[in-house]
Amino acid sequence: MSQNSLIEMKSPLSGVFYRSPGPEQPPFVEVGNAVKRGQTLCLLETMKVFTRIKSPVDGEVVEILCANEATVEKNQILFHLKR
């Protein structure tokens, strides 16, 4: 698969990346999962406010580029998706 066919899901803001809704809960998505447009991929926390990051397309999660609880910057790539 060429890199050009991948959709880069970038962070809309700086904050802390969370793969799941809580410490004892499973991740929103894993590599290989099919996702629907509007499905939550992760949470970003900025100044104690949580923002749900949602898939812009129906597709598949190809790569997760951030570790859980990592600090991310605005425009940092979080996921690679394919339609």
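Figured I'd write up the structure that's included with this text. (Residues numbered from 1 in each chain as written. Predicted model: local features only at pLDDT ≥ 70, side-chain atom pairs only at ≥ 80, totals over all residues. Heavy atoms only, no water.)

1. Section: unusual backbone geometry
What is expected of a backbone is that most residues other than glycine have negative phi and most peptide bonds are trans. Positive phi, normally seen in glycine, also occurs at Met-47, with a value near 50°. Relative to the helices and strands, Met-47 resides in the loop between β4 (40-46) and β5 (49-54). By relative accessible area, Met-47 is classed as exposed at 76%. Of note, the phi angle at Asn-75 is positive, near 75°, even though the residue is not glycine. Among the structural elements, Asn-75 can be located in the loop between β7 (71-72) and β8 (77-82). (Helix = DSSP H or I, 4+ residues; strand = E, 2+ residues; numbered from the N terminus. Buried < 20%, exposed > 50% of the residue type's maximum accessible area, 1.4 Å probe, protein only.)

2. What to know about the sheet that holds β7
Here four strands make up an open sheet; going across it, the order is β5-β4-β2-β7 and the pairing antiparallel. Here the strands that pair on one side only, and so sit at the sheet edges, are β5 and β7. Note that strand β2 (residues 15-18) and β7 share two bridges and pair antiparallel. Pairing of Gly-15 across the sheet is with Val-72, part of β7. (Pairing = 2+ DSSP bridges.)

3. Remarks on the environment of Val-57
Within the secondary structure, Val-57 is located in the loop between β5 and β6 (59-64). What Val-57 contacts, discounting residues up to four positions off in sequence, is Ile-7, Val-35, Lys-36, Arg-37, Leu-81 and Arg-83. (Contact = heavy atoms within 4.5 Å.)

4. Here's the deal with the pattern of salt bridges
Enumeration according to the criterion identifies three salt bridges in this entry. Across the pair Glu-30 and Arg-19 runs a salt bridge whose closest N-O atoms are separated by 2.9 Å. Taken together, the residues Glu-30 in the loop between β2 and β3 (34-35) and Arg-19 in the loop between β2 and β3 connect sequence positions 11 residues apart. (Salt bridge = Lys/Arg side-chain N within 4 Å of Asp/Glu carboxyl O.)

5. Topic: the side chain of Ser-55
Along the chain, Ser-55 falls in the loop between β5 and β6. Its relative accessible area of 4% is what places Ser-55 among the buried residues. There is a polar contact of 2.6 Å between the side chain of Ser-55 and the backbone oxygen of Val-57. (Polar contact = N/O pair within 3.5 Å; in protein donor to acceptor, adjacent residues only side chain to side chain.)

6. Considering the nonpolar core
Core analysis: the biggest nonpolar cluster contains 17 residues, and Phe-17, Leu-41, Val-61, Leu-78, Phe-79 and Leu-81 have the highest contact counts within it. When residues of this core are traced back to their parent elements, those giving at least two are β1 (7-10), β4, β6 and β8. Each residue touching Phe-17, except ones within four places of it in the same chain, is listed here: Cys-42, Leu-43, Leu-44, Ile-64, Cys-66, Ala-67, Asn-68, Glu-69, Ala-70, Val-72, Leu-78 and Phe-79. (Core = buried A, V, L, I, M, F, W, Y, C linked by side-chain atoms within 4.5 Å.)

7. Overview of the side chain of Ser-20
Mapped onto the fold, Ser-20 is located in the loop between β2 and β3. Taking the relative accessible area as the measure of exposure, Ser-20 reaches 12% and is therefore buried. Within the structure, the side chain of Ser-20 is placed 2.8 Å from the backbone oxygen of Gly-22, a separation counted as a polar contact. A distance of 3.4 Å separates a polar side-chain atom of Ser-20 from the backbone oxygen of Gln-25.

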